[in-house]
Structures are given as structure tokens and as C-alpha cells.
Amino acid sequence: MRVLVLQHIACEHPGIFRDFMAEDGIEWRAVELDEGEPIPDLDGFDALFSMGGPMDVWQQDEHPWIASELDAIRRWVGGSRGPFLGFCLGHQLLAEALGGEVGPAAQPEIGVMSVRLTDAGRASPFLRGVPDEFPCLQWHSAEVVRAPAGAEILISSPACAVNALSWAEHAFSVQFHVELTPSTVSEWGGIPEYDRALEDALGAGALTRLDAEAAANMPIFASLARTLYRNFIAAARGSDRRTR
């Protein structure tokens, strides 16, 4: 199995999912779109990941590759029906590519916060084994304000109705971060856009506090990540798109 990973900044990589893929002998290739790397021929891959990043889906004048990525996701998910997993910005790109709408969040979610499964989420194979409510790391100031037609909303929070979604039986995405490693928060704190949003939301010294809170919850985060990874791989291997 080969996975193509679309990255939008070097420090937002698959994180702990790299360990899981190594355990399973899954090959993966990262393409750094923000550095000008082109999206390769999708036919050489069996699943597509789209990671997070500090840019927004509507900033296509500043980041022309966003339009190319939206087109690739549209062709991959809607056309060839390839397995897809989106994280944060990748979640928003999936929604936008399929006809949904993304906009500034009415209330940005930044910090360790709780989310809840919807009725659709409780029935989704992607969330099999996931508790009804759990803590997660949020770090976003944009959100899916309208889900695509045909999508199911799997997870919600008081501030963000569309915290995870699925489309058909092969495309899934989460607004929060499940790919965390122990170094993630400190690395992301070095991104000016993230640091400003963090201090605006949580005040001075927020990075140190968030790093400690994330560390305290890391066993929960890692367990959730492994569950979602296993569920996604099972869905990918059972999809109509056969391993090449």
C-alpha cells in the first residue's frame, strides 16, 4: 500500500501516523506543496492524506497550489473514489473540494478541548472504538461552515458543528489534530501565525501551558490516533480502489 501525503508546511507532517505506517510496512511519500513541489500522478497511490497548515482555503492568490490541491482531492475522492484522510486544513480542503463552504470560525478553537460524536459518528466504521466524548488538541481559526451535500457530520463541539465528516465510505476528515507527537506543540509554536492565535486565545505564556496540557493527555491522544488509523486503513483496504 502506498500513501501520498500532501503537506503545507514542513512541521505539519503525519506525526505519529508515520510510526503506524512503518509498523504496517506501508510506503508513504510527502509532497511539500508550499515549497513548489508538484502533485504527482495519483494513479501511483492507494490512499491520500492532506495535512494541516497556517494558510486558509480562500488564500489562493497567495498560495496558488491550493487550487491544484482542491482539484486533486476532487478527482481523487469524487472521481476515482480513492481513500482519503484530512487533518485540520485537510479537513477544510475536503469540504471545499466537494462543494461545501469554509470560512472564518465564529469562535476559534485553540487548546485541549472536548468533542462529541454525533449519531452518525456513533454508527461510522471510521469511529469504531472511539468514546462518545474525548479530549483533543484544537488549533484552528477557520472552520467548515457548510458541509458538502452527501457528507455526514461525525463529530461536533459547542463552538464548531463540523469537527469531523465522512463522504461516502472512503473519505474522512477531522478538524482537530490526532497526529500529535510529544514535540508537536513546541514545534508549531514556532510558526508565527499559530503563536499569535495561541496568545490571542489563551494569553501570554500560552505555549508553555498548552505544551504541558498536551503532554498530560498524550496517552489519550496516541490511543485515539491508533484507533482512527486502524479504522481508516480497514476502510481503505476494503474500498473499490485496489492496491496497485
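Residues numbered from 1 in each chain as written. Predicted model: local features only at pLDDT ≥ 70, side-chain atom pairs only at ≥ 80, totals over all residues. Heavy atoms only, no water.

Draft legend 1. Region of the structure containing the overall build of the protein chain. Helices and strands together make up the secondary structure of the protein chain, namely 7 helices and 9 strands. Its C-alpha atoms give the protein chain a radius of gyration of 16 Å, within 12% of the compact-globule value 18 Å for 244 residues. Looking at the protein chain residue by residue over its 244 residues, the buried ones come to 55%. Counting every atom, the protein chain has about 10,000 Å² of accessible surface; 50% of that belongs to carbon and sulfur. Distance between charge centroids for the protein chain: 9 Å, based on 18 positive and 35 negative side chains. (Helix = DSSP H or I, 4+ residues; strand = E, 2+ residues; numbered from the N terminus. Rg over C-alpha atoms; globule rule 2.2 N^0.38 Å. Buried < 20%, exposed > 50% of the residue type's maximum accessible area, 1.4 Å probe, protein only. Areas by Shrake-Rupley, 256 points an atom, 1.4 Å probe, with all protein chains shown as cover. Lys, Arg positive; Asp, Glu negative; His and termini not counted. Charge placed at Lys NZ, Arg CZ, Asp CG, Glu CD.)

Draft legend 2. Main features of the pairing of strand E4 (residues 84-87). Burial along E4 is two-sided: the face carrying Phe84 and Gly86 and the face carrying Leu85 and Phe87 are both buried. As for the winding sense of the linkage, the β-α-β connection from strand E3 (residues 47-50) through helix H2 (residues 65-79) to E4 is right-handed. Bridge count between E4 and strand E9 (residues 171-174): 4 bridges; the pairing is parallel. Looking at the pairing, phenylalanine 84 lines up with alanine 171 of E9. (Right-handed = clockwise from strand over helix to strand, strands pointing away. Pairing = 2+ DSSP bridges.)

Draft legend 3. Structural detail: the side chain of histidine 170. Position of histidine 170 among the secondary structure elements: in the loop between strand E8 (164-167) and E9. Judged by its relative accessible area of 4%, histidine 170 is buried. A polar atom in the side chain of histidine 170 sits 2.9 Å from the backbone oxygen of valine 77. Histidine 170 has contacts with Val77, Arg81, Gly82, Pro83, Phe84 and Phe232, leaving out every residue within four places of it along the chain. (Polar contact = N/O pair within 3.5 Å; in protein donor to acceptor, adjacent residues only side chain to side chain. Contact = heavy atoms within 4.5 Å.)

Draft legend 4. Structural detail: the sheet that holds strand E6 (residues 133-146). Pairing within the open sheet is mixed, and its 9 strands lie in the order E2-E1-E3-E4-E9-E8-E7-E5-E6. Only two strands of the sheet have a single neighbouring strand rather than two, namely strand E2 (27-32) and E6. Within the sheet, the average angular offset between the axes of one strand and its neighbour, ignoring direction, is 20 degrees. Seen against the sheet, H2 touches strand E1 (2-7), E3, E4, E8 and E9 and runs at an angle of roughly 145 degrees to E3. The strands touched by helix H3 (residues 89-97) are E3, E4, strand E5 (101-117), E6, E8 and E9; relative to E4, the strand with the most contacts, the crossing angle is about 125 degrees. (Axes fitted to C-alpha atoms, helices over the stretch in contact; angles between N-to-C directions.)

Draft legend 5. Inspection of the pattern of salt bridges at higher detail. Under the defined criterion, the tally for this structure stands at 10 salt bridges. The shortest N-O distance in the salt bridge between arginine 116 and glutamate 133 comes to 2.8 Å. One end of the pair, arginine 116, is in strand E5; the other, glutamate 133, is in strand E6, and 17 residues separate them in sequence. Residue classification places arginine 116 among the partly exposed residues on the basis of a relative accessible area of 38%. The network of salt bridges with common partners includes Glu23, Asp24, Arg226 and Arg230. (Salt bridge = Lys/Arg side-chain N within 4 Å of Asp/Glu carboxyl O.)

Draft legend 6. Spotlight on the environment of alanine 149. Considering the arrangement of structural elements, one finds alanine 149 in the loop between E6 and strand E7 (151-156). The exposure class assigned to alanine 149 is exposed, which follows from its relative accessible area of 68%. Taking the C-alpha atoms as reference points, alanine 149 and tryptophan 167, 18 residues apart in sequence, are found 8.9 Å from one another.

Draft legend 7. Geometry of the nonpolar core. One finds Phe17, Phe49, Phe126, Phe134, Ile155, Phe176 and Phe232 to be the most contacted residues of the largest nonpolar core, which totals 34 residues. By residue number, the principal contributor to this core is helix H7 (residues 206-237), which donates 7 residues. Ignoring sequence-local partners within four residues, the contact set of phenylalanine 176 consists of Cys88, Val115, Phe134, Cys136, Leu137, Gln138, Ile155, Asn163 and Leu224. (Core = buried A, V, L, I, M, F, W, Y, C linked by side-chain atoms within 4.5 Å.)

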